[in-house]
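Chains, contacts and geometry: an overview
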Amino acid sequence: MGTESVGKNRGVASQKWRLGVLLVVLVLVFCGWAWRSWGVPVHKPSAQVAGPAETLYVGILNQAKQLAPKPPAHPTPFAQAMVARDAIRSGEFDKADEMIKSVLQKSRMGPWTFQPFTAFMAALTAPGDAKFARGINAWVLARPSSAIAHLVRANYYFNIGWWIRGNGFANDVRANNQETFGFAMDLAAQDAREALKINRRDPYAWSMYLRILKSTGANTAQRAVFHEAIRAFAGYYALYRIRLSALQPKWGGTTRDMYRFVAKYAGETPAESPLRMLYVNLYAQLLGASSDVCGAVVRAPQMDHCVQMVMRRVTEPGLREDAYAAIKRREGVRGLALSDELGRILPGMIMTSGGGHTAASFLQVAARTFGSDTQLVARDTAKNNFMIDRMAALVWYEHGQMANAETLDKRSLSDLANSRFSSRYVEDGARAAIYTDLASIYNRKHDFRRVVVYEKAAARLLGGEGARPGYAALQCAALFRLKLYRQGLGTCRAIVAADGNLQTRFWLGRIEDVLGKSSAAVRDYGLVASSESGYRDYAGIAVAVVYDREGQWQESLDALNRYSYLFKKAYDDHYDMAIAYNDRCYDKMQLGDLKGALRDCTASLRYGSLPDAYAKQQELRRMLDGRH
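Owing to the predicted nature of the structure, the values given are computational and were not obtained by experimental measurement.

1. Comments concerning the state of the cysteines
- Under the counting rule described, the total for this entry stands at three disulfides.
- Across the disulfide from Cys476 sits Cys492; the S-S distance is 2.1 Å. Around the S-S axis, the bridge from Cys476 to Cys492 shows a dihedral of about -130° and counts as left-handed. Residue Cys476 is located in helix 22 (residues 472-481), and its partner Cys492 is located in helix 23 (residues 485-499); the two are separated by 16 residues in the primary sequence.
- Owing to a relative accessible area of 0%, Cys476 belongs among the buried residues under this scheme.
- The class for Cys492 is buried, based on a relative accessible area of 0%.
- Between the sulfur atoms of Cys585 and its disulfide partner Cys601 the distance amounts to 2.0 Å.

2. Re the side chain of Asp600
- Inspection of the secondary structure assignment puts Asp600 in helix 29 (residues 594-607).
- The contacts of Asp600, once residues within four sequence positions are left out, are Tyr581, Arg584, Cys585 and Lys588.

3. Observations regarding the packing of aromatic side chains
- Applying the stated criterion across every chain, the model contains 26 aromatic pairs.
- Here Trp162 and Trp251 contribute two aromatic rings whose centre-to-centre distance is 6.5 Å and whose plane-to-plane angle is 75°, an arrangement assigned as edge-to-face. Taken together, the residues span a long stretch of sequence, with Trp162 in helix 7 (residues 147-165) and Trp251 in the loop between helix 11 (237-246) and helix 12 (255-265) at a distance of 89 residues. As far as burial versus exposure is concerned, Trp162 and Trp251 are alike and both buried.
- An angle of 35° between the planes, with centres 6.2 Å apart, marks the rings of Tyr563 and Tyr565 as tilted. Like Tyr565, Tyr563 is buried.
- By way of ring pairs, the aromatic residues Phe114, Phe117, Phe120, Tyr204 and Tyr236 are connected into one cluster.
- Here the guanidinium or amino end of Arg444 rests over the ring plane of Tyr397, the centre of that ring lying 4.6 Å away.

4. As for the nonpolar core
- One finds Phe117, Leu124, Val152, Leu239 and Leu278 to be the most contacted residues of the largest nonpolar core, which totals 197 residues.
- With residues up to four places along the chain from it excluded, the contact list for Val152 reads Ile88, Ile100, Met121, Leu124, Thr125, Phe132, Ile136 and Trp139.
- By size, the runner-up hydrophobic cluster in this structure holds eight residues, among which are Met589, Cys601, Leu620 and Leu624.

What counts and how
Residues numbered from 1 in each chain as written. Predicted model: local features only at pLDDT ≥ 70, side-chain atom pairs only at ≥ 80, totals over all residues. Heavy atoms only, no water. Disulfide = S-S within 2.5 Å. Helix = DSSP H or I, 4+ residues; strand = E, 2+ residues; numbered from the N terminus. Buried < 20%, exposed > 50% of the residue type's maximum accessible area, 1.4 Å probe, protein only. Contact = heavy atoms within 4.5 Å. Phe/Tyr/Trp six-rings, centres within 6.5 Å; stacked < 30°, edge-to-face > 60°. Lys NZ or Arg CZ within 6 Å of the ring centre and 35° of its normal. Core = buried A, V, L, I, M, F, W, Y, C linked by side-chain atoms within 4.5 Å.

What follows is the structure, encoded as structure tokens:
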């Protein structure tokens, strides 16, 4: 999935031109997430009457306040990031610099994390805001010797690059998006180098630079930077985790490289060293790689067997025991820090296709370490760890057992009392994560009211809407399905402004569509349709439908032709191909291209059996026969 680094020998004029292109791309691309059964509207829908909707919404807000009765006592990292973001957007660079430096100075390096600066930077540099991007560039031009300004821009370029590229395999990414991704990483690397040239005592800057180099596939360069980084911060775990990840075969490394790396940096450390968790990371990464191999050659029913066979071939003797020991040996390590790190690793294992048996064994080792009982009907939960019950809930969720998942997530909320948190913010963050898990469960149960309740409660705890990127899309989808269109408009615009999440933007487009805001809907649908998302087809078709409703048939036809992926034979959703061909048939018919329309209606019927396509096909044949 790695890409080759874009060449460095560009002229200054070319760099400025490409930078301009990148900024334009910020408002022309991307990513989407949609409900598979929403269909395509054939007429302009009407908005819900305000009275009942407002009553419903007020009730939701009251329930959310009951779940999160106290707002944060102090500004959360997310809230601070939003203030700093506004300062950059408005050109108040000294204010932004002071705020960011303050958060950096107050951050501490734990066994596996550097907080709250890591969370703060993630919120500050969320992609998709062109005004913020212009503000960062103006800041760097005004303060070229500011390490903070270069670091913020490096982080933003990194995020926007992945926002444009998506997370699919390299072969599935369109060439223009892949090229723009490479250029964004190139710019990010330049700024990261400059930030470190000015200030080499920032651990986050080193980890950022390593992440950028991993994304470009620059393995040799990353190795050199890694050695520099650990000379400065030998105990910063993130540096080792990023380097190990870059040694995976999909990034140009080998499993032998991975084993050697872990043996060198974890094998010679004391039993209680946080670096021992590299064994767990190694096992998780091998599991994911085995699943990728099996996914290419077998069907779902054979995945478990295939993954176990591949794991037996790639797992060296003693690895599982070393990984288990890393979890068990907790001397000198705070239990809360360990549970947080497991909460980062275990979800990937649990959700890995074919990895169920392995994930279950690691979860049980962790449960025994913390003295947690993961049974649904546990007799004694006085010592249960909230993260262990949360992971057990995820196992049930992945198996489609929503009632059991809900039971364990609610028990996880009760388990919070068993942990000693370092601050109220940390506890609120743990509670908010469980609330978003519950929202996902209620989404699967189609209990959309409770989806919104729990998402809003989580937002209250974390300091604002959009504080957990990706999860907020559930809230906007639920607001749409509850027909709370006017209430959802403000909420979802705020979320998109805060986190740049384009899953949310899809649902914002749907809300705008219902409210008759056609121009805004086309803009947001268009961003999603230009993405690498598997659900971009819905947005592409939606753009055409909006134009058709307005009688703009040429614009509709141009949009469908622009999203040419809708008509590729390799496309895996034939129903959507049938809809796309049917819509294009309609546009051509309205524009007088009867032969072209007939070809498209006939193609639509090859991929589906839409009555509309059949009726138009018959009408077109009669019209063409009448010409002869």
